Amino acid sequence: MSAGLHYVVIGAGSAGHGAVTTLRARDPAARITLVTMSRLPFYNRFDLPRYFRGTTDWRNLLAVAPQIYDELAITLRRNSRVDEIDGRARTLTFSHKEVVGYDKLLVCTGGGGHLPEVLVEYKSLMHGFATFEDATRVARALPAKGRVILLGGDMIGLDLARTLIDTGHRVTLVAGEFTFWPHRIDAAKRAELLAALSRAGVDVVTGRTPVAIEAAAKPARRVIFEDDSAIAGDVVMPFFGSMPLVDFMLGAGVDMERGILVDPRLKSSNESIWAAGDVCQIWSDELKEYRFLHGWKNVRLMGELAARNMTGAAEEFDVTADFAIGIDASGHVQSDFWEQ
Amino acid sequence: MNEPLKPVYLDEKLVEIRADGHQDYRSKALPTWCPGCGYFSMAEGFTQSLKRLGREPEDVVVVSGIGCASRFPFFINAYGFHTLHGRTLPVATGVKQANDALTVVAVGGDGDAFAIGGGHIPHAARRNVDITYMVFDNGIYGLTKGQTSPTSVLGFTTPTTPYANGDEPLNPLMMLLAAKASWVGQAYAGNPHHLTDMMAEAIAHRGFSYLHILSPCVTFDKTTRTYKNLGMMVRDLPADHDRRNLMAAMAEATKVDRPALGVFYEEERPTLADVMDGIAERARKGIAAE
Amino acid sequence: MTGTDVQFAICGSAGDGTIAAGDILKRTMAAMGYKVIAFDIYPAEIRGFGKCISRVRVSIEQAYSLKRRSDVFLSLNDAHAIPHVGEVRDFGAVVYDDAPIATIPEGAHISAHIRPAQLPYGASFRQISDKVTGNARARNLVALGYLAGLYGMPRDAFHKTIGRKFATKAASVTQVNVRAFDAGYDAGASVFKLDDVVMAPPPVGADGSRAQMMTGNGATVRGLLDADIDCFFGYPITPATSIMERLATDLPKRGGRMLQTEDEISAIAATIGAGYAGARAATATSGPGLALMTEMMGLGVIAEVPSVTIVSQRGGPSTGLPTKTEQSDLNLAVYGGSGDAQRIVLAPTNVEGCYRCAGIAFELAEKFQTPVIVLIDLYLSNRYETVIPPEVKPFAPKAIPDAAGRSSGPFKRFAFTDDGLSPRAIPGQNGGVHTITGLEHNELGRPADQADNHQRMSRKRHDKLLAATRHPGLTVAKRFGRTGKVDVGILGWGSTFGEILEAMYAAEREGISCSAMKVVMLSPLPVHLIEPFFDDCRIVLVPELNHEGQLAHLVSGTLGRPVVRLDRVTGAPMEVDTILAEIRRLALGPAAGNAA
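Throughout this document, residue positions are counted from 1 along each chain, in the order its sequence is written. Note on labels: chains are lettered from A, ligands numbered from 1, in written order. Residues qualify for local features only when their pLDDT is at least 70, as the model is predicted, and side-chain atom pairs are given and counted only at 80 or more; totals for whole chains, interfaces and linings, by contrast, use all residues. To obtain the side-chain values, all non-hydrogen atoms of the structure were used and water was disregarded.

Caption draft 1: Region of the structure containing the sheet that holds strand β5 (residues 88-97) of chain C. Residue and element names in this part refer to chain C. A pair of strands is treated as paired once DSSP finds two or more bridges between them. The helix and strand labels rest on DSSP assignments: H or I over at least four residues marks a helix, E over at least two residues marks a strand, and numbering proceeds from the N terminus. The eight strands are arranged β7-β5-β4-β1-β3-β2-β15-β8 in an open sheet whose pairing can be described as mixed. Of all the strands in the sheet, just β7 (119-123) and β8 (212-215) have a single pairing partner and so form its edges. Between one strand axis and the next, the sheet turns by 20° as a mean value, whatever way the strands run. Sheet analysis places strand β1 (residues 5-13) next to strand β3 (residues 51-59), joined by nine bridges and oriented antiparallel. Its bridge partner lying in β3, V6 is registered against V58. Running over the sheet, helix α7 (residues 216-226) touches β8 and β15 (383-387) and is turned about 100° from β8. In this analysis an axis means a line fitted to C-alpha atoms, helices contributing only their contacting stretch, and an angle means the value between N-to-C directions, from 0 to 180 degrees. In this description, contact between two residues means that some pair of their heavy atoms is separated by no more than 4.5 Å.

Take a look at the structure:
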């Protein structure tokens, strides 16, 4: 491989981490920079529920020892937000005004939690669940046997629900169209799955749309519905699926729709920019559409494949395979989304 | 001063001392200087001037360096500090800083003063330390048996200048005037009465007084600075010499072929002790310099 | 070390208020009752905006040295800080400004250099300062506030220190700085803390109200002043200059005199002159100055004149490394000069020791009528420690000799006596008139070169000093750690003894049988204390910051016992790990024990 190429990977989730290790394996001489807004080294987001099982020191959550970046000679830029990308000059500018050049860029910034318009003004009364810090805040706000109200209930939220119930907490699911996101399922299946959740101990609320959230004494939160009815809980958490985090890409000269549009080899419309994970929409020749592919495993595989393609391979990502959701032998909801 | 004066001998001086009652200022030690040395008249002049000024022996400190002249304190009945070669002035400065009430007299030869010790002279002078510096200048290193000194004349032949001295001699009076000594005078060992007067005046001066004393080395210089030669060279300062006029003093100091005797320059200005007292006062009042 | 033990490092340029921020931090911590040890590094060059680093170690138990790895690092200037960010330990914090004024090239921001296991914290100190004070000048206070907020330190304690620091300025200056501090504090307090640094409060009852932060040089000055110094003479030389500067301010306030002389020779000459005249006089210098002073030291020895010389060592020989620390002037201090010229040399090992040694030096100089050298080094000169000054000055007042009323006859200034100490008189005293000289002399002080006289006088000058090793109120050598027989003994002197203690205690925790001894009086050597230490140790290690093993030679030469040398001349203090590794290597480990 050509010496001295500078690969920059933005986003240090499982896609980004998989990408840089693959890049290093395939191009020992290259310069590799991994950029993340996180202040922590890489941990898997799907490990966050472990916090409620007692893993409260982030060091025990790390997927790899931090020193691995030194060993692999990968520059890890944490606490660093990219403000803009110049796709022509091949530079990126951090919010701290540092300008960094790249030869090949991989964007795998993932998605941020989507929030219905009506709930945006109540954001400060809700708890997110994207980072270690989020998990800590939830845990601090949640008393023993406390109640968590999940709004929406995408697959990330439902994963957390499993853990919360296991650890003696109570969970109310306010179900709606985003429940089981990103799975696309019909009403019958939905009903079947919700029933399974009820059996597993989740208090399922259906047919009611939350319109407001209030702070209260004890428990600390009330969720108000359209019909002025309300339920109470200690913590309210929105899980309405995710939207690609691509604001900084607006000016980069890359085709975008909701996410970055890439070909099956995960390359964007810019010769030097690739994308992987929840941030990209991949062209499917078969379906004649750009589509998102979610799930922990997909994200990791995308990162690795993009890295191989950036270093000379020409592999295509299989966009046709949908992942399934169902009920396993013991009656619990089971999803390929959760496959690691 | 047309007559070359004869050397002064110890036995004669002892008789004189006894007669005049100056023993108080002479120590019990017998000088180690060569018979006929000009330094005897300096010891004599010094004791006479102390007597004249009424300074008690215990209030006087004589500080010297190394060399024939620097043996001086041993022969004086006063507190004495025979220090290191060239370091007379800083030691004397320290003594005076410790106790303003002391009469501090620094003594040395021309090598001690202007060769190894030359760096200290301007600083003691400009600070106007209230001490008297008497340099006994015989233009040679006598203690080490006759090498050239910074005031040796051009062409002087010595063991270290077997092919004749080629170094221009220093002009001590010009140097001290330039360094802002507040009293500068010159005397001659062959003119002991004038020498005594000059010593008394130098010691009485408030501030840094410099007395240059021309002297022969009867043992190692038989050719240049003999009593005969010096006696023919020296002259009095002009009667109308203005001792407050620095330029006039310098003009006289340049006439090295006819060295003048007398007070070249004098001024009154704050001494180091005055400056220190001023600093202490400002410090106590908390006034910092801007 | 149990409880809090956190080392902060603040790095920036001189114009960033780096040292000022460190100063407020250490003074606040000391006032709260923590133990603090701190070291500031200033620009080596004469530029106004060179690199500064202020390192402050805050602990509950007394620390003996700075740590090699800082726990928290604050950058006020990335260009200066980047080379040092590696000193932060794993899971420690790196705090920096994340809003530079203009775009900067890749690598110019510190976030590019933070190691993967260090925790980054960015905040816009400049902008916050601008917002709350109208300009960016108070960004150091904002950043300091951020640290205080991040670690939950009490706001009020900082406010008090800031108020004191700007007490002489207009009240608005304090207000502006407090405002900046508070804005930073709020920012820091709202941050999600991810590092594992813990600032537990000082133990209940810890009283910092009388604690002061002092440097070695500052404590030296305090010691000289508390011993009622009369005169000081000095010539500027790094790293001793600040002693002279401080005395220039403080000495005249009590009627004392400070004179800046034309060179070091004049400084010691005047000191000896003043000492002869009965003053408590001192000078201060570094190695090159001491080299110039050695001829005068010899005069002080033979003429038996009291003087005190503070020597802060730096890298040598010659001009050497003027801004780096070293312990390579032991030979010069102990032996320097012509002839047999034994003098008293004291080498304190910490800041409080500087105070004690500087103060008691006059007492020793007067009693033993000899030059006394207090030998410190740049690291000790400039490092800060919490010191609680004694309420009563612990030093004996000046011993004024009195020749009055003595019988007639010449004053025998150098009379032979049982203890070698002759009667002394000073100018101005009736009945004591005498002349002293650098020539060998008889009892009267008159030149005398007879064989038996020189023999007797040399013995007098040597033997009279031996009693100094048992002088009351002075620690001349002290053993630390385990008593009785041990495997490895560590003998040290000067500033390095802090690192030695840390290493010795670490080795002890590892199960190594060890003990340490500091030697404070290097001349005359307190053999009566050192010899039993050698008897108790299977092997003795001597770590010191010079290349020739100067203490090792002194001790092994005097005692005729072997030592193991550990010499380092990197310009930096010796690392605890270096000493610890050597102790481990020398120790009879469990494996060796089993094999035997």
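Caption draft 2: Layout of the domain arrangement of chain C. All names here are of chain C. Start and end points for every domain follow an automatic or database-based domain assignment. One can read the domain layout of chain C as domain 1 (5-209), domain 2 (213-387) and domain 3 (477-595). Using only C-alpha atoms to locate each centre, domain 1 and domain 2 end up separated by 34 Å. At the junction of the two partners, domain 1 supplies 15 residues and domain 2 supplies nine residues. For any pair of parts, buried area is found by adding up, for both, the accessible area (1.4 Å probe) each one loses once the two are put together. Here domain 1 meets domain 2 over a buried area of about 1,000 Å², counting both sides, of which 59% is carbon and sulfur. Residues adjacent in sequence count toward polar contacts only when both atoms are side-chain atoms; beyond that, a polar contact is any pair of N or O atoms within 3.5 Å, and within protein one must be able to donate a hydrogen and the other to accept it. Where domain 1 packs against domain 2, one counts three residue pairs in polar contact (both at pLDDT 80 or more). When residues of the side of domain 1 that touches domain 2 are traced back to their parent elements, those giving at least two are α1 (18-32) and β2 (35-41). Tallying contributions element by element places β2 first for the side of domain 1 that touches domain 2, with six residues.

Caption draft 3: Quick peek at the sheet that holds strand β7 (residues 104-107) of chain A. All names here are of chain A. Read across the open sheet, the five strands follow the order β3-β2-β1-β7-β18; overall the sheet is parallel. Strand pairing shows two members of the sheet lacking a second neighbour, β3 (74-77) and β18 (273-275), which therefore form its edges. The mean angle between the axes of side-by-side strands here comes to 20°, regardless of whether they run parallel or antiparallel. Both strand β1 (residues 6-10) and strand β2 (residues 31-35) contribute to a ladder of five bridges, which runs parallel. When the sheet's bridge partners are listed, Y7 is paired in β2 with I32. Of the strands in this sheet, β1, β7 and β18 touch helix α6 (residues 296-310), which is tilted by about 170° from β7.

Caption draft 4: View of the pairing of strand β14 (residues 371-377) of chain C. Residue and element names in this part refer to chain C. Taking burial as the measure, the seven residues of β14 include seven buried ones, the bulk of the element. Side chains P371, I373, L375 and D377 of β14 all project onto a buried face; the interleaved residues V372, V374 and I376 project onto the opposite face, where all are buried too. As defined by bridge partners, strand β13 (residues 344-346) adjoins β14 across three bridges and the pair is classed as parallel. By the bridge assignment, L346 is partnered in β14 with V374. Crossovers are marked right-handed if the path from the first strand over the helix to the second runs clockwise, as seen with the strands pointing away from the viewer. Traced from β13 through helix α12 (residues 351-368) to β14, the parallel crossover comes out right-handed. Between buried and exposed lies partly exposed: a residue is buried under 20% and exposed over 50% of the maximum accessible area for its type, with that area taken using a 1.4 Å probe on protein chains only.

Caption draft 5: The arrangement of the nonpolar core in detail. In plain words, nonpolar cores are sets of buried Ala, Val, Leu, Ile, Met, Phe, Trp, Tyr and Cys residues tied together by side-chain atoms within 4.5 Å. The biggest cluster of nonpolar side chains holds 92 residues, and the ones touching the most others in it are A:F132, C:F8 and C:M29. Leave out the neighbours within four places in its chain, and A:F132 touches A:L40, A:Y43, A:L48, A:Y51, A:T56, A:D57, A:W58, A:L61, C:F192 and C:L194. B:L176, B:F208, C:L259 and C:A267 belong to the second largest nonpolar core, which has 91 residues in total.

Caption draft 6: Quick peek at the confidence of the model for chain C. Confidence in the prediction for chain C averages 94 pLDDT; 96% of positions are at 70 or higher. Throughout residues 590-596 of chain C the model reports pLDDT below 50, and contacts reaching past four residues in sequence, or to other chains, amount to zero contacts. The quantity known as pLDDT measures the predictor's confidence residue by residue, on a range of 0 to 100.

Caption draft 7: Summary view of the pattern of salt bridges. Within this document, salt bridges are pairs made up of a side-chain nitrogen of Lys or Arg and a carboxyl oxygen of Asp or Glu, the two lying within 4 Å of each other. Within the structure shown, the criterion is met by 66 salt bridges over all chains. Close ionic contact of A:R162 with A:D159 constitutes a salt bridge, the shortest N to O distance being 2.8 Å. Within this pair, A:R162 and its partner A:D159 are both found in helix α4 (residues 155-166), separated by three residues, close to a single helical turn. Taking relative accessible area as the criterion, A:R162 reaches 37% and is therefore assigned partly exposed. A salt bridge links B:E268 to B:R244, with the shortest nitrogen-to-oxygen separation between them at 3.3 Å.

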